[in-house]
Structures are given as structure tokens and as C-alpha cells.
Amino acid sequence: MIALAPREFHLFHAAGHDFLYLVPSAAVFALDEATSAVLRVVSETTRAEEAVVAALADRFDAAAVREAVAELLQVRAIGFEHQPEDLPPRVLPMMPFPLTTMVLNVTNQCNLACTYCYEYGEDKIVDTEHGKQSKFMSEETAKQSVEFLLAESSRIAHLTFFGGETLLNFPVLKSTIAYARQRAEELGKEIDFSLTTNATLLRPEIIEFLAENQIGVTISIDGPRELQNKFRVFHNGAGSYDVVAPKIKDLLRRHRSRPIGARVTLTSDTIDVTRIYRHLTEEMGFWEVGFAPVTTSPNQQYAIGAGGCDRMLDQFRALAHEFLEHVAPSRHYGFATVKDTLEEIQERVSKAYPCAA
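This text gives an overview of the structure that appears in the document. These numbers were taken from a predicted model, which means no experiment stands behind them.

## Some words on helix α6 (residues 204-212)
Among all positions of α6, only Ile206, Ile207, Phe209, Leu210 and Ala211 are buried. Buried residues in α6 make contact with α5 (170-186), β9 (190-197), β10 (216-220) and α8 (241-254). Positive backbone phi, approximately 50°, marks Gln214, located one or two places after α6.

## Description of the sheet that holds strand β6 (residues 78-80)
One open sheet holds the 3 strands; their spatial order is β5-β1-β6, and the pairing between them is antiparallel. Either end of the sheet is taken by a strand with one partner, and the two such strands are β5 (47-48) and β6. Across 2 bridges, the pairing between strand β1 (residues 3-6) and β5 is antiparallel. Paired with Ala3 across the two strands is Ala48, which belongs to β5. Sheet strands in contact with helix α1 (residues 33-44) are β1, β5 and β6, and its direction is about 95° off that of β1. With respect to the sheet, helix α3 (residues 62-74) is in contact with β1 and β6, its orientation differing from that of β6 by roughly 90°.

## Describing the side chain of Ser36
The topology assignment puts Ser36 in helix α1. Apart from the residues within four sequence positions on either side, Ser36 is in contact with Asp18 and Leu31.

## Re unusual backbone geometry
Omega for the peptide link from Gly163 to Gly164 comes to 25°, which places this bond in the cis form. Structurally, Gly164 is set in the loop between β8 (156-162) and α5. Look at Gln214: it is not a glycine, yet its phi comes out positive at around 50°. Mapping Gln214 onto the fold places it in the loop between α6 and β10. Even without being glycine, Ser330 reaches a positive phi, approximately 65°. Examined against the element boundaries, Ser330 turns out to sit in the loop between α10 (306-327) and α11 (336-346).

## Quick look at the packing of α1 against α3
Two elements in contact, α1 and α3, have axes separated by 9 Å at closest approach and are oriented at 70°. As judged from the angle between their axes, α1 and α3 are roughly perpendicular. As for how α1 packs across α3, the hand of that crossing is right-handed. For the pair α1 and α3, contact is made by Ala34, Thr35, Val38 and Leu39 and by Ala64, Val65, Ala68, Val69, Glu71 and Leu72, respectively.

About the cut-offs
- Within each chain, residues carry numbers counting from 1 in the order of the written sequence.
- Thresholds applied to this predicted model are a pLDDT of at least 70 for local features of residues and 80 or more for the giving and counting of side-chain atom pairs; totals over whole chains, interfaces and linings are not thresholded and use all residues.
- No hydrogens and no water enter the side-chain calculation; it runs on all heavy atoms of the structure.
- Only protein chains enter the accessibility calculation, which uses a 1.4 Å probe. A residue is then buried if its area is under 20% of the maximum for its type, exposed if over 50%, and partly exposed in between.
- Only DSSP runs of H or I with at least four residues qualify as helices, and only runs of E with at least two residues qualify as strands; both kinds are numbered from the N terminus onward.
- Throughout, a residue-residue contact means that at least one pair of heavy atoms, one from each residue, lies within 4.5 Å.
- Here, a strand pair is defined by DSSP locating no fewer than two bridges between the strands.
- Angles here are taken between N-to-C directions and fall from 0 to 180 degrees, while the axes themselves are lines fitted to C-alpha atoms, restricted in helices to the stretch in contact.
- Orientation categories follow fixed angle ranges, with anything under 35 degrees roughly parallel, anything over 145 roughly antiparallel, 65 to 115 roughly perpendicular, and all other angles oblique.
- Take the far helix as the reference: if the near one is turned anticlockwise from it by less than a right angle, the crossing is left-handed, and if turned clockwise, right-handed.

In C-alpha cells, the structure reads:
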């Protein structure tokens, strides 16, 4: 018989009950005793359903075990060994469904040459219409995108600028914000703006514009100098920390109308999560920091293996405990990774994939 095998989940105990957290969908289920026991037995070693029934025969009747197995298969907490995991069904939302956020890739060009970059690095997984030729979004395309967003949104809309390095196309970004704000006012709607940048192009006039227009900013940075300079380098191989650090501090001093966040890419060589978090919040002054493992093939040297994942999660756990100690008495703690996850759980977000898709 085909054996049952565990999928991606975490068991945890809270308030006297066992709970299941499904990694792919961010769903949380309260478990009865039989279902919890089935998960633990299957996690010990792969077993056929009859073997699971036999292993739990002294505690539960066969019908209860079979029902638990069926439910766990249905939610994809377990599956059959050697069988590819079924892709979740593509369920389209009921129409009309308001558009809330639009991301504009205003350029695919970047002035850094980060080794782990999923577009131009060794693990390049996308191609552009013109191959290696850089491409900038035109002002007309950006305006058309704004019209679509405002037409499909409800009263409030969010526009995010992304790249490449977003600020390489600052003229279009600037004109698009002015146009979107004017059109939103004409239509009786609200619109806000945010962008992601590597901070290399944060000149005083750009910082002033971001502050005056209350633009949300996320900065891609990997931590202290030696960690930042391992992968986040210019095309000539020079590290970027000494270039971006003073610019970031200028931004943080001037731009106080919106919280400024950092986004860290973790690799096997830069997995010191606690040290990175302390540096970016306590020394640099970021309001919050989010972490994401590198997107790469497993054979790359900087890919995070099983041991690295354990080390990463142990540090996530420690920061999550600090988060709890701070938020319980209503004090801010900028560990965005756990905050975002808790918000998704509270809002009952269901995702088809572990990323934001």
C-alpha cells in the first residue's frame, strides 16, 4: 500500500490545545486528539493508512483515525509518499472584486550586481522582451496603469513602485505620483504610494520628495558592512555598504511621515538574523525589518540548507519571543516577519503559494 507522508506544516500547542499551521496557505487549524496523534505518527515515519490505524489502535477506534487521515489529506497536511503534491485549484474570486494594490515595475535595470539576484544573477529565472537590454516604463504606460487601478479599486488604492532599481526611473515615478494624486482627487478616491530601493540613489532632492509626499519606503539591505558587501555589490565588485549607509541615515532623519522598513535577503553566508536585526534597528534606526530566504537553486553555495533553515528558524523564534514581550505592554517591536504573519492569520488570508502570490 502507498505510504502516507507529511507535507509542510508545524504543530504547536497553545491555550491547552494542539494547533496545525500549514506553511503553503498560512492556515491554522485546531486539532482534536485523534488528528493530532495521526500527524505525529506520520511525522515519525511514513506509514500506510492501515499501519497508522494499527499504531493508534490502543487509543482511538479505526473510524476516528480514518476520518482524521481523510481530513488531513483534504487540507494537504499529509500526502502520499513519492506522489507529487497536487497544485491547489485555481479559484477565481467572485466578480466584481476590487483591486486594492498595483505594483509598477518602472525599470528592469539595476546599478548593483547582487550575486543572488533572481533576474541578473547566476540564478536568472526571467528574461525580458529585449534580452539583456534594459527597459524603462514610459510615462504613458504608467498613466494607463493608474487609470486601470483607480477604475478597478474601491475608495482607497495603493500604488507601489518596484524595479530593478526603482529610482533609476525617478522622473516617471515623480510624474506618476502627481498624476495619480490628481486623478484620485477628481474621482473622489484616496491613493497612497510606496517604493522599494537599494538606497544607492538617495540624493537630498529625492529624500525631500519622498518625505514631502509621504511615500512609504522599503530599503533592500542585508545588514552590517561585511554581510551587505558579500552579495550586494556594484558591477565592478565593490561593496555597497559605505555608499548606502549615510544615505539611509539621511533618509531616516528627514523622512518621518511614514515608517521606513528594511528588507533582508538571507543566505547560508549571511544568516546571522539576530545580529542583522539589531544592527538595522538599533544602529541604523529602521522602524521594522523583514527577512526572506534567498530564492535560488539548492546547488548554489549560498543556498540555505536544512541546517541553515533550523538556525534561521531558531533565531526567528527568539525574535518572536522578544516581539511578544514588547507588544503585550503595547511597545513597538520591528520584527516585520512575525508581525506580517500574525496579521495574515488574523485577517484569515488564504494563499495558494508560500510567497505573496
